[in-house]
Amino acid sequence: MAINLRGRNFITLKDFSPLEIRYLLDLSIDLKRKKRAGIRGELLERKNIVLLFEKTSTRTRCAFEVAAHDEGANVTFLTNSQMGKKESIEDTAKVLGRYYDGIEFRGFKQETVESLGKHAGVPVWNGLTDLYHPTQILADFMTIMEHVDKPLNKVKLVYAGDARNNMGNSLMIGAAKLGMDFVALAPKELFPDEKLVEEMKALGKETGSSILLTENIDDVKGADVIYTDVWVSMGEEDKFGERIELLKDYQVNMDMIKKSENPDVIFMHCLPSFHDLNTIVGRQIHEEYGLEAMEATDEVFRSKHSVVFDEAENRMHTIKAVMVATIGNL
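The rules we used
- Residues numbered from 1 in each chain as written.
- Predicted model: local features only at pLDDT ≥ 70, side-chain atom pairs only at ≥ 80, totals over all residues.
- Heavy atoms only, no water.
- Pairing = 2+ DSSP bridges.
- Helix = DSSP H or I, 4+ residues; strand = E, 2+ residues; numbered from the N terminus.
- Right-handed = clockwise from strand over helix to strand, strands pointing away.
- Patch = residues over 30% accessible without salt bridge, like charges linked within 9 Å, V, L, I, M, F, W, Y side chains within 5 Å.
- Areas by Shrake-Rupley, 256 points an atom, 1.4 Å probe, with all protein chains shown as cover.
- Salt bridge = Lys/Arg side-chain N within 4 Å of Asp/Glu carboxyl O.
- Lys, Arg positive; Asp, Glu negative; His and termini not counted.
- Charge placed at Lys NZ, Arg CZ, Asp CG, Glu CD.
- Buried < 20%, exposed > 50% of the residue type's maximum accessible area, 1.4 Å probe, protein only.
- Axes fitted to C-alpha atoms, helices over the stretch in contact; angles between N-to-C directions.
- Contact = heavy atoms within 4.5 Å.
- Phe/Tyr/Trp six-rings, centres within 6.5 Å; stacked < 30°, edge-to-face > 60°.
- Disulfide = S-S within 2.5 Å.
- Parallel < 35°, antiparallel > 145°, perpendicular 65-115°, else oblique.
- Left-handed = near helix turned anticlockwise from the far one by under 90°.
- Polar contact = N/O pair within 3.5 Å; in protein donor to acceptor, adjacent residues only side chain to side chain.

Peer 1: Help me understand the pairing of strand β2 (residues 74–78), please; the structure alone is not making it clear to me.
Peer 2: Examined bridge by bridge, strand β1 (residues 48–53) and β2 share 5 bridges and lie parallel to one another. Directly across from Asn 48, in β2, lies its bridge partner Asn 74. In this region the chain leaves β1, passes through helix α2 (residues 59–70) and returns to the parallel neighbour β2; the handedness of that crossover is right-handed.

Right under this line is the structure:
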C-alpha cells in the first residue's frame, strides 16, 4: 500500500498509523544516506517554511533550517510575531498559510499548535509543546534502528525520570504504535496521565506493545534502551528542589546501566543534559544542592553506551523526512 502524507499536519504521533511512522523512518534513512553521499537535494525546491519559536532551541531550530536548505527551501525564523498578543492564533495561522508552504511551531501549549494546524491551510509541524515532542521520537527510533540489532517491535525501552513530560508521553505513544515494550520508571507522582496510559495500553493490544509504570529500578532488567530527560522542563524552573527530591533515585548512572544486564544497552537523551558542571544551570544546582550531575552521570553520558550525538544528528534527517513527506516534490 502506497503511503501519501502530502498536506498532513505533524502534531502528535497519535495521528499516524504504524505503517505511516515506519514510512517516515525509512524515508529518514534514505535521506541520511543521500546527504552522506553528498547528493544535492531538490525535494523542497521553491518551498517557503516559517519557524515559530516561543521556547529557546538548539537542535530543533538548526535541524529544521539545515534540513530545509539541504532540499532547496527558504526559511524564515520568527520569534517576535504578534501571535497571541495583538493578533489571534487563528488570524496568524491564516496569514502565514498565505505566505508559506509549511509552518513549524515550538512553544508551550498544545492548543496553540493544534489551532495553527486547524486554520493555516498548510501543513503544521510540532517542534515541541508541553505535551508532545513527535519529531524527537522519530529521531530516537531511527537511532535505535541503527544501534540495536533487533526489530523495533522486539525492543524494550526504559524511560527513567519525569514520565509525565512531553518526552515520557511521546515515547510511550511511539512505543505503543510500533509494538515496543515501554517501561516508565518514575515516582508515582510523575507517572504519565492515566487516560493517555489506558489509551496506549488499548493500542498495545493491537500492536503487541506492553506498557509498565513502575517505581522499581530493578525493572530496568532486560532493557535495550535506557532513556532519560531533564528533571525540570522549560517553564518549571521554580521546581528544581522538588524534582531533585523526587528523582534523585532515578538518575541514570552505571549502577542502573548494570542492572539492565545487557552489555549492549544504549543510553539516550534528547538533550540538553545536566551531566556535568559545564553549564551555568549545572553550577547553580551544584552550589545549591551539591549535585555533580542530575538526570545522568557524566560517566554514563560519555560511555560506550551513549548514542546521544547520533540521536541529535538524526533530528535533522527525520525532520527533513517530515517536511519532504508533507510538502515535498516527491
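Peer 1: I tried to follow the pairing of strand β7 (residues 210–214) on my own but got confused; where do I start?
Peer 2: Across a regular strand the side chains alternate sides, sitting on one face of the sheet and then on the other. In this structure, strand β6 (residues 181–185) lies alongside β7, joined through 5 bridges in parallel fashion. Directly across from Val 183, in β7, lies its bridge partner Leu 212. Read as a crossover between parallel neighbours, the route from β6 over helix α7 (residues 194–207) to β7 is right-handed.

Peer 1: Is there a simple way to think about a negative patch on the surface in this case?
Peer 2: A cluster of acidic residues, Glu 189, Glu 215, Glu 237, Asp 238 and Glu 242, forms a negative patch at the surface. Relative to the assigned elements, Glu 237 resides in the loop between β8 (225–228) and α8 (240–247). Glu 237 sits in the partly exposed class, given a relative accessible area of 46%.

Peer 1: Looking at this structure, I do not really get the sheet that holds β8. What am I missing?
Peer 2: For sheets, the rule is that strands pair by backbone hydrogen bonds, running either parallel or antiparallel. If you walk across this open sheet you meet the 5 strands as β7-β6-β5-β8-β9, and the pairing is parallel. Each end of this open sheet is capped by a strand with a single partner; those strands are β7 and β9 (266–269). Neighbour-to-neighbour, the strand axes of this sheet turn through a mean angle of 20 degrees, independent of strand direction. Contacts from helix α12 (residues 308–327) reach β8 and β9, with the element oriented near 50 degrees to β9.

Peer 1: Could you clarify how one ought to interpret the pattern of salt bridges in this entry?
Peer 2: Pairing of side chains with opposite charge becomes possible as their charged atoms draw close. Counted under the stated rule, the structure contains 19 salt bridges. Lys 35 is the salt-bridge partner of Asp 70, the closest N and O atoms lying 2.8 Å from each other. With Asp 70 in helix α2 and Lys 35 in helix α1 (residues 18–36), the pair connects residues that are 35 residues apart, well separated along the chain. The closest approach of N and O atoms between Arg 302 and Asp 298, which form a salt bridge, is 2.9 Å. What you see here is one network of salt bridges that share partners, running through Lys 35, Asp 70 and Lys 320.

Peer 1: Please explain the packing of aromatic side chains as it appears in this structure.
Peer 2: In this description, a pair of aromatic rings is defined by centroid distance and the angle of the planes. As enumerated under the stated definition, the model contains 6 aromatic pairs in all. With centroids separated by 6.1 Å and ring planes inclined at 25 degrees, the aromatic side chains of Phe 64 and Trp 125 adopt a geometry described as stacked. Of this pair, Phe 64 sits in helix α2 while Trp 125 sits in strand β4 (residues 124–128), and the two are 61 residues apart along the sequence. We note that Phe 64, like Trp 125, is buried.

Peer 1: I would appreciate a short explanation of the state of the cysteines in the present structure.
Peer 2: Disulfide: a covalent bond connecting the sulfur atoms of a pair of cysteines. Under the definition given, this model contains 0 disulfides. No disulfide involves Cys 62; its sulfur sits 16 Å from the nearest other cysteine sulfur, which is in Cys 270. Taking relative accessible area as the criterion, Cys 62 reaches 44% and is therefore assigned partly exposed. Residue classification places Cys 270 among the buried residues on the basis of a relative accessible area of 8%.

Peer 1: Please clarify how the environment of Ile 103 should be interpreted in this entry.
Peer 2: Mapped onto the elements of the fold, Ile 103 is located in strand β3 (residues 102–106). The class for Ile 103 is buried, based on a relative accessible area of 0%. As a C-alpha pair, Ile 103 and Gly 235 span 132 residues in sequence and 23 Å in three-dimensional space. When near neighbours in sequence (up to four residues on either side) are disregarded, Ile 103 contacts Val 50, Leu 52, Ala 93, Leu 96, Gly 97, Ala 120, Val 122, Pro 123, Val 124 and Trp 125.

Peer 1: Is there a simple way to explain the packing of α2 against α12 in this structure?
Peer 2: Between two packed helices, the angle of one axis relative to the other and the distance separating the axes together describe the packing. Running from amino to carboxyl end, α2 crosses α12 at an angle of 55 degrees, the nearest separation of the two axes being 8 Å. Classified by the interaxial angle, the pair formed by α2 and α12 is oblique. Here the hand of the crossing between α2 and α12 comes out right-handed. Every residue of α12 that contacts α2 at Arg 59, Thr 60, Ala 63, Phe 64, Val 66, Ala 67, Ala 68 and Asp 70 is listed here: Ala 312, Arg 315, Met 316, Ile 319, Lys 320 and Met 323.

Peer 1: Help me understand the side chain of Asp 224, please; the structure alone is not making it clear to me.
Peer 2: By secondary structure assignment, the location of Asp 224 is in the loop between β7 and β8. Looking at Asp 224, its side chain comes within polar contact range of the side chain of Lys 150, at 3.0 Å. A polar side-chain atom of Asp 224 sits 2.9 Å from the main-chain amide nitrogen of Lys 156.

Peer 1: Mind showing me how you'd approach unusual backbone geometry here?
Peer 2: Glycine aside, a negative phi is what most residues show, and trans is what most peptide bonds show. Cis peptide bonds are those with omega within 30 degrees of zero, and the linkage from Leu 271 to Pro 272 qualifies with 0 degrees. One non-glycine residue, Leu 128, lies in positive phi territory at about 150 degrees. As for its placement among the helices and strands, Leu 128 is situated in strand β4. Overall, Leu 128 belongs to the buried group, its relative accessible area being 7%. In this model, Glu 261 sits at a positive phi of 55 degrees, which is unusual for a non-glycine residue.

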